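# Close look at the chain arrangement
So the chains spell out like this:
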Amino acid sequence: MSWRATVLTLFPEMFPGPLGVSLAGRALTSDIWQLDVRDIRASATDKHRSVDDTPAGGGPGMVLRADILAAAIDAVGQDTSSPRLLMSPRGRPLTQTRVVELAEGPGPLIVCGRFEGVDQRVIEARGLEEVSIGDYVLSGGELGAMVLIDACIRLLPGVMGKLASGTEESFSDGLLEYPQYTRPQTFEGHGIPDVLTSGDHARVEAWRRAQAESLTRSRRPDLWAARNGSRTPKNTTDG
Ligand code: SAH
């Protein structure tokens, strides 16, 4: 069975969208992954097919109903080993580490919120893991789901040309990637760093490492600190 993303959305027409082109699109056509998009509205029960209602306690906007969303989740009949995610600005921020885990699994079910969000009770009753793609607010979870799926797909076996290209890039070792260069040899008067054309692989590697470290230190002190923190030798008296 190939990796499968199941997406619950009020706007199924948004898919596959950008996931239908380039690497992801080709992998979809060749069945390396599958996309199962379900319309949450199909689980609506009243004659207006309504899915949302006003927030208890008052306030602006509308909230996705717990009963409708739970019915939509249950209708998938997904096996319990698949993670169930809810795109949410309150969620744990998505990281490359989590992306790798999700890519190694059977593929997640992803609920896309809309309006002011979803009723808290369905999050708890269906054990939804809230995932954020960053500290800003989108109008719906669909673009977030696409971001998450895209990041997973490029790691699936057979998707990227070269196996190694997934293991050296940004975040793989808690570092941002070193700068890349290609032809022409001279661009607007600027050459390519000599070391990269030296043919000396050990020197190239050392240069790239140093560049990755200094970039990470200056641009992402948070990543740099976390990386060094996690590498501090453990005190042997620790439990
Ligand atoms: N009122 C909510 C925001 C709702 S935005 C709040 O303040 O927390 C509507 C939907 O967009 C959310 O339910 C979620 O599914 C999606 N969304 C918005 N921002 C997101 C983000 N940063 N990451 C992931 N999903 C997001």
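All of these numbers come straight from a predicted model, not from anything done at the bench.

Further remarks concern the domain arrangement of the chain. Once the domains are mapped, the chain shows domain 1 (3-153) and domain 2 (168-227). The distance between the C-alpha centroids of domain 1 and domain 2 comes to 36 Å.

Evaluation of the coordinates by the stated rule reveals 14 salt bridges. Arg-90 serves as the salt-bridge partner of Glu-130, at 3.0 Å between the closest nitrogen and oxygen. Residue Glu-130 is located in strand E7 (residues 129-132), and its partner Arg-90 is located in strand E5 (residues 84-93); the two are separated by 40 residues in the primary sequence. Here the salt bridges share partners, and the residues they tie into one network are Asp-173, Arg-209, Glu-213 and Arg-227.

All right, on to the site of the ligand then. Looking at the ligand, there are 18 residues lining it, with Met-87, Gly-113, Gly-134, Tyr-136 and Leu-138 nearest. Across the complex, the protein chains shield 84% of the 560 Å² of accessible surface that the ligand would expose by itself. Put simply, the parts of the chain that give the shell around the ligand at least two residues each are E5 and E7. Each residue belonging to the shell around the ligand can be placed in one class, and the counts come to 8 nonpolar, 8 polar and 2 charged.

There is about 660 Å³ of room inside the largest pocket. Around the largest pocket, the lining is made up of 34 residues, and of these Arg-114, Phe-115, Glu-116, Gly-117 and Val-118 lie nearest the centre. The set of elements that each furnish at least two residues to the lining of the largest pocket consists of strand E4 (63-64), E5, helix H4 (120-125) and E7. Broken down by element, the lining of the largest pocket gets its largest block of residues, 5 residues, from E5. Here the residues of the lining of the largest pocket are counted per class, giving 15 nonpolar, 11 polar and 8 charged. For the second largest pocket, the calculated volume is near 470 Å³. Around the second largest pocket, the lining is made up of 17 residues, and of these Thr-95, Gln-96, Thr-97, Phe-171 and Leu-223 lie nearest the centre. Going through the elements one at a time, helix H3 (96-104) and helix H7 (221-231) are the ones with two or more residues in the lining of the second largest pocket.

The set of residues buried in helix H2 (residues 66-76) consists of Ala-66, Ile-68, Leu-69, Ala-70, Ala-72, Ile-73 and Val-76. In this fold, the buried residues of H2 make contact with strand E1 (3-9), strand E2 (33-39), E4, E5, strand E6 (109-111) and H4. Looking one or two places after H2, you find Gly-77, whose phi comes out positive at around 60°.

Let's shift gears to the sheet that holds E7. The strand order across the open sheet formed by 5 strands is E2-E1-E6-E5-E7, and the pairing between neighbours is parallel. If you trace the sheet from one side to the other, it starts and ends with E2 and E7, each paired once. Strand after strand, the sheet turns through a mean of 35° between neighbouring axes, direction not considered. Contacts from H2 reach E1, E2, E5 and E6, with the element oriented near 155° to E1.

Conventions used here
Numbers given to residues run from 1 along each chain, matching the order in which its sequence is written. In keeping with the predicted nature of the model, local features appear solely for residues at pLDDT of at least 70, side-chain atom pairs appear and are counted solely at 80 or more, and the whole-chain, interface and lining totals rest on all residues. Side-chain calculation: all heavy atoms of the structure are included, whereas hydrogens and water are not. Domain segmentation is taken from an automatic or database assignment of domains. We define a salt bridge as a side-chain nitrogen of Lys or Arg found within 4 Å of a carboxyl oxygen belonging to Asp or Glu. Counting from the N terminus, the helices are DSSP H or I runs at least four residues long and the strands are E runs at least two residues long. For each residue, the test is whether any non-hydrogen atom lies within 4 Å of the molecule or strand; if one does, the residue is near. Using a 1.4 Å probe, accessible areas were evaluated by the Shrake-Rupley method; residue-level cover was limited to the displayed protein chains. Polar here means any residue outside two lists: the nonpolar Ala, Val, Leu, Ile, Met, Phe, Trp, Tyr, Cys and Pro, and the charged Asp, Glu, Lys and Arg; Gly therefore counts as polar. The method works on a 1 Å grid over the protein atoms by themselves. A cavity is a set of points holding a 1.4 Å probe that cannot get out, a pocket is an open set with protein on both sides within 12 Å along at least five of seven lines, and residues with an atom within 4 Å of a point line them. Grid points are joined across faces, edges and corners, and a volume is the space filled by probe spheres set on the points. Only protein chains enter the accessibility calculation, which uses a 1.4 Å probe; a residue is then buried when its area is under 20% of its type maximum, exposed when over 50%, and partly exposed in between. Residues count as neighbours in contact if any of their non-hydrogen atoms are within 4.5 Å of one another. Two strands pair if DSSP finds at least two bridges between them. Angles run from 0 to 180 degrees between N-to-C directions of axes, and those axes are lines fitted to C-alpha atoms, restricted for helices to the stretch in contact.

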